Amino acid sequence: MTNYNYPGVGRYVDLMFDRGFKRVFGKEANKDVLIAFLNQIIPGKRIEDLEFINVENEGLSAESKKAFFDVQCTVDDGSTIIVEVQRSNQPYFKERVLSYASLPILRQLEAGGAYRLVPVYVVSILNFSLEHESWDEGRIESYYSIREDYTGEQMTNALNFIFIELGRFRKTIQELENDKEKWYFCLLNMGKFLERPAELQAEVFRRLFDVAEVEALPGKEREQYIKDMTTERDIINQKEFARQEGKAEGRAEGLAEAKAELAKGMLSKGIDIQIIVELTGLTETEIRSL
């Protein structure tokens, strides 16, 4: 019997944890799994092959921050696909996603000079719900591109955004109607499974479960994943503590104090300051002054 008895860690990788997602979908040996997933969620696109590219992207100037994507690849028609997993909402999230897409667009201009752009797709897998002006509560996907306001005519296909709001996904495994919904269910629940369910016996899901098994990770990757998961759980617990403290205080200064305590706790564990900025909403200057 496979040994998967790691304290605080399930048998399978948590795919809504960005490091877990990268370990399953961002590896050359597993690119068939990523292709199968993308073919389900990008309308009108049929990917046969892809090539992974560096997930670290330099800013537009020496002073600009670098952007680190969970997965970035070029596909056989030349387009670029960026995939990001996000557990919790943050201010100006859509604007952040727009900035992600701008980097590969500008790289195209630097490389060729001509303004004939190949499409860029940013796929955001979210463990929360976005705010919309109007929305059918049964929907979990939204698709954005640049179009004329009145006619819907597409101005360009260069920028494409897909948001998958898994915070809205409520179906049980018995209610899943198609393979796309099965992918969504796996993304949300992979870290909780002890065995592969009978409803997920298709070959593509057998392959997903095989590569997502923690024991299947190479030794150093497995050790790092377990360490990362321990840190992630500490962050979640501290964040929940801060939320409860702020709620109990019932006033803005109580929440501010709770955020500061959360940031201090994460700093003491050596967590990257940019991650702390994202999770607490504090500025880098505020965090460094603690």
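Residues numbered from 1 in each chain as written. Predicted model: local features only at pLDDT ≥ 70, side-chain atom pairs only at ≥ 80, totals over all residues. Heavy atoms only, no water.

J.: For the pattern of salt bridges, give the residues involved together with the corresponding values.
T.: By the definition in use, this model includes 19 salt bridges. Residue Asp228 pairs with Arg19 through a salt bridge whose shortest N-O separation is 3.8 Å. Separated by 209 residues along the polypeptide, Asp228 in helix H6 (residues 219-249) and Arg19 in helix H1 (residues 18-25) bring together distant segments of the chain. Overall, the relative accessible area of 12% leaves Asp228 in the buried class. Judged by relative accessible area, which is 25%, Arg19 ranks as partly exposed. Each of Asp18, Arg19, Arg23 and Asp228 takes part in one network of salt bridges that share partners. (Salt bridge = Lys/Arg side-chain N within 4 Å of Asp/Glu carboxyl O. Helix = DSSP H or I, 4+ residues; strand = E, 2+ residues; numbered from the N terminus. Buried < 20%, exposed > 50% of the residue type's maximum accessible area, 1.4 Å probe, protein only.)

J.: Residue-level account of the packing of helix H4 (residues 179-189) against helix H5 (residues 203-212), with values.
T.: Two numbers describe how H4 lies on H5: the axes approach to 11 Å, and their chain directions differ by 15°. By the angle between their axes, H4 is roughly parallel relative to H5. When you trace H4 past H5, the crossing you get is right-handed. Here H4 contributes Asp179, Lys182, Trp183 and Cys186 to the contact with H5, which in turn contributes Val204, Phe205, Leu208 and Phe209. Partitioning the contact of H4 with H5 into residue classes produces six nonpolar, no polar and two charged. (Axes fitted to C-alpha atoms, helices over the stretch in contact; angles between N-to-C directions. Parallel < 35°, antiparallel > 145°, perpendicular 65-115°, else oblique. Left-handed = near helix turned anticlockwise from the far one by under 90°. Contact = heavy atoms within 4.5 Å. Nonpolar A, V, L, I, M, F, W, Y, C, P; charged D, E, K, R; others polar.)

J.: Residues and numbers for the pairing of strand E6 (residues 120-126), please.
T.: Counting buried positions along E6 gives seven out of seven residues, so the element sits mostly inside the fold. Here E6 shows no split at all, with Val120, Val122, Ser124 and Leu126 on one side and Tyr121, Val123 and Ile125 on the other all buried. Relative to E6, strand E5 (residues 80-86) runs parallel, the two being bridged by seven bridges. Pairing of Val85 across the sheet is with Ile125, part of E6. Summarising the sheet, E6 and strand E8 (residues 154-165) pair through seven bridges and their orientation is parallel. (Pairing = 2+ DSSP bridges.)

J.: With reference to specific residues and values, describe the environment of Lys27.
T.: On the secondary structure map, Lys27 appears in the loop between H1 and helix H2 (31-41). Residues Lys27 and Val71, spaced 44 residues apart in sequence, show a C-alpha to C-alpha distance of 9.1 Å. For Lys27, the residues in contact, after removing those within four places along its chain, are Lys22, Phe52 and Glu221.

J.: Which residues make up the sheet that holds strand E7 (residues 141-147), and what values do they have?
T.: In space, the six strands of this open sheet follow the order E1-E4-E5-E6-E8-E7, with mixed pairing throughout. For this open sheet the edge positions go to strand E1 (50-52) and E7, each flanked by a neighbour on one side alone. Looking at each pair of strands side by side, their axes are set apart by 20° on average, direction ignored. In this sheet, E5 lies alongside strand E4 (residues 71-75) in antiparallel orientation, the contact comprising four bridges. Pairing of Thr74 across the sheet is with Thr80, part of E5. Those strands touched by H1 are E1, E4, E5 and E6, and its axis lies near 140° from that of E5.

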